[in-house]
Amino acid sequence: MSDEAVLLDVEDEIATITLNKPDMRNALTGDISGGIVDALEEIEDTDARCVVIEGAGDAFSAGGDINSMMEGLAGETEPHEKVEVVEDTGRALQRVYEFPLPVVAKIDGTAFGAGANLAIACDTQIASERSKISFGFRQVGLAVDSGTSYFLPRIVGENKAKELVFTGELVDADEAHSLGIFTQVYDDDEFEAQAESYVDRIATGPTIALQTSKRLIRQGLQSDIDQAMTNEAAGQTAVFATHDHEEGATAFMEQREAEFEGH
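Residues numbered from 1 in each chain as written. Predicted model: local features only at pLDDT ≥ 70, side-chain atom pairs only at ≥ 80, totals over all residues. Heavy atoms only, no water.

Undergrad: Would you explain the overall build of the protein in this entry?
TA: The number of helices and strands found in the protein is 11 helices and 10 strands. Taking 18 Å as the expected radius of gyration for a compact globule of 263 residues, we find that the protein reaches 19 Å, a close match to that expectation. In terms of its C-alpha atoms, the protein occupies a principal-axis envelope of roughly 65 × 45 × 35 Å. Counting across all 263 residues of the protein, residues that qualify as buried make up 43%. If you sum the accessible surface of the protein, you get close to 13,700 Å²; carbon and sulfur atoms cover 50% of it. Charge separation in the protein, taken as the distance between the mean sites of 18 positive and 52 negative side-chain charges, equals 6 Å. (Helix = DSSP H or I, 4+ residues; strand = E, 2+ residues; numbered from the N terminus. Rg over C-alpha atoms; globule rule 2.2 N^0.38 Å. Buried < 20%, exposed > 50% of the residue type's maximum accessible area, 1.4 Å probe, protein only. Areas by Shrake-Rupley, 256 points an atom, 1.4 Å probe, with all protein chains shown as cover. Lys, Arg positive; Asp, Glu negative; His and termini not counted. Charge placed at Lys NZ, Arg CZ, Asp CG, Glu CD.)

Encoded structure:
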């Protein structure tokens with residue numbers, strides 16, 4: 001495997017971003033955060049219709065770089081430099097959250113701290129049975145960052161979010177699924193095949209309609225009902241003109257599976 005911090009592969013209209021520092025459990029170092037942003041920019045110039053983010057080795061991402069934290073404690077890093085690392089990580093996760101294509105977190109192992117936030121910044125989270133997740137910033141004596149206060153309460157509610165943060169609990173896959181943190185959990189021995197099928201279903205969908213739906217759902221979280229209805233009508237106006245709408249409606253009437261082309 002390449003020694004680059006982040007790998008990008010685009011195949012069959014699926015873009016896969018791999019965090020590639022398994023010896024550091026894919027901690028969100030500056031080069032990984034920057035690599036995520038660079039990969040997303042590159043994806044915009046490809047034919048990709050879906051994005052997958054995964055980690056190399058036995059972890060999704062261990063979150064913050066503990067080596068950098070220790071350097072800071074030893075006085076080797078200026079306070080403003082530590083803040084810049086947090087801001088860089090936050091910008092990378094915000095870019096993931098706002099990316100127009102559907103983004104799937106493929107979790108096979110532990111997602112911790114900022115790494116957990118990377119997972120929930122994605123649109124959906126598929127995980128193997130062995131996977132675990134924790135928002136355990138307390139373990140290193142820190143407050144939450146990298147979007148925890150935004151992402152987590154929207155998924156689990158305010159009280160549960162505070163409990164997960166206060167206790168730093170390492171949540172197993174089944175509980176994470178019941179809380180809505182993981183959208184799908186698959187048996188370890190079936191994970192790769194099930195994940196491939198799941199991603200393929202999204203990647204072969206009506207891409208413009210899915211992009212529009214993603215944007216509308218995000219807007220809906222900040223809108224009243226009148227604005228949401230107005231936004232949906234405007235979005236649908238554009239989608240009505242797509243080839244995939246024509247194909248979908250025709251396939252539905254002909255009682256066959258639609259073959260969407262992404263435009």
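Once the structure has been displayed, the description carries forward.
Undergrad: Please clarify how the sheet that holds strand 3 (residues 50-55) should be interpreted in this entry.
TA: Sheets are built from strands paired through backbone hydrogen bonds, the pairs being either parallel or antiparallel. Taken in spatial order, the six strands line up as 1-2-3-5-7-10 in an open sheet, and their pairing is mixed. With partners counted over all chains shown, the strands left at the sheet margins are strand 1 (6-11) and strand 10 (184-186), one partner each. Across the sheet, the axes of successive neighbouring strands diverge by a mean angle of 20 degrees, strand direction being ignored. Of the strands in this sheet, strand 1, strand 2 (14-19) and strand 3 are in contact with helix 1 (residues 30-43), which crosses strand 1 at around 20 degrees. (Pairing = 2+ DSSP bridges. Axes fitted to C-alpha atoms, helices over the stretch in contact; angles between N-to-C directions. Contact = heavy atoms within 4.5 Å.)

Undergrad: What exactly am I supposed to notice about the pattern of salt bridges here?
TA: When their charged atoms lie close together, side chains carrying opposite charge are able to pair. Following the criterion strictly, the structure yields 14 salt bridges and no others. Where R95 meets E44, a salt bridge forms, and the shortest distance between an N and an O atom there is 3.0 Å. Highlighted residues: R95 in helix 3 (residues 79-98) and E44 in the loop between helix 1 and strand 3, separated in sequence by 51 residues. Its relative accessible area of 22% is what places R95 among the partly exposed residues. Residue classification places E44 among the partly exposed positions, given a relative accessible area of 45%. Residue D123 is joined to R218 by a salt bridge in which the shortest nitrogen-to-oxygen separation is 2.5 Å. (Salt bridge = Lys/Arg side-chain N within 4 Å of Asp/Glu carboxyl O.)

Undergrad: Is there a simple way to explain the pairing of strand 5 (residues 103-107) in this structure?
TA: Regular strands place side chains that alternate from one sheet face to the opposite one. By the criterion of burial, strand 5 is predominantly enclosed, with five of the five residues buried. On strand 5, burial covers both faces: V103, A105 and I107 on one face and V104 and K106 on the other are all buried. Bridge count between strand 3 and strand 5: four bridges; the pairing is parallel. Bridged to V51 within strand 5 is V103. Bridge analysis of strand 5 against strand 7 (residues 124-128) gives four bridges, and the strand direction is parallel. Within strand 7, the position partnered with A105 by the bridge is Q125.

Undergrad: Please explain the sheet that holds strand 4 (residues 59-61) as it appears in this structure.
TA: Within the open sheet, the four strands sit side by side as 4-6-8-9. Their pairing is mixed. Only two strands of the sheet have a single partner each, and these edge strands are strand 4 and strand 9 (171-172). Sheet topology note: the strand 8 (residues 132-134)/strand 9 ladder contains two bridges and is antiparallel. Considered in strand 9, the bridge of I133 is made with V171. Along the sheet face, helix 4 (residues 114-121) touches strand 4, strand 6 (110-112) and strand 8 and points at about 105 degrees away from the line of strand 6.

Undergrad: Explanation requested: the environment of S146 in the structure shown.
TA: Here S146 shows up in the loop between strand 8 and helix 5 (148-156). S146 sits 21 residues away from T167 along the chain, and the two C-alpha atoms are 18 Å apart. With sequence-adjacent residues up to four places away left out, S146 is seen in contact with T89, G90, L93, A114, N117, F137 and F151. Only 2.8 Å separates the side chain of S146 from the side chain of N117, close enough to count as a polar contact. One polar contact links S146 to D145, side chain to side chain, over a distance of 3.1 Å. (Polar contact = N/O pair within 3.5 Å; in protein donor to acceptor, adjacent residues only side chain to side chain.)

On their own, these measurements won't tell you what the molecule is for.
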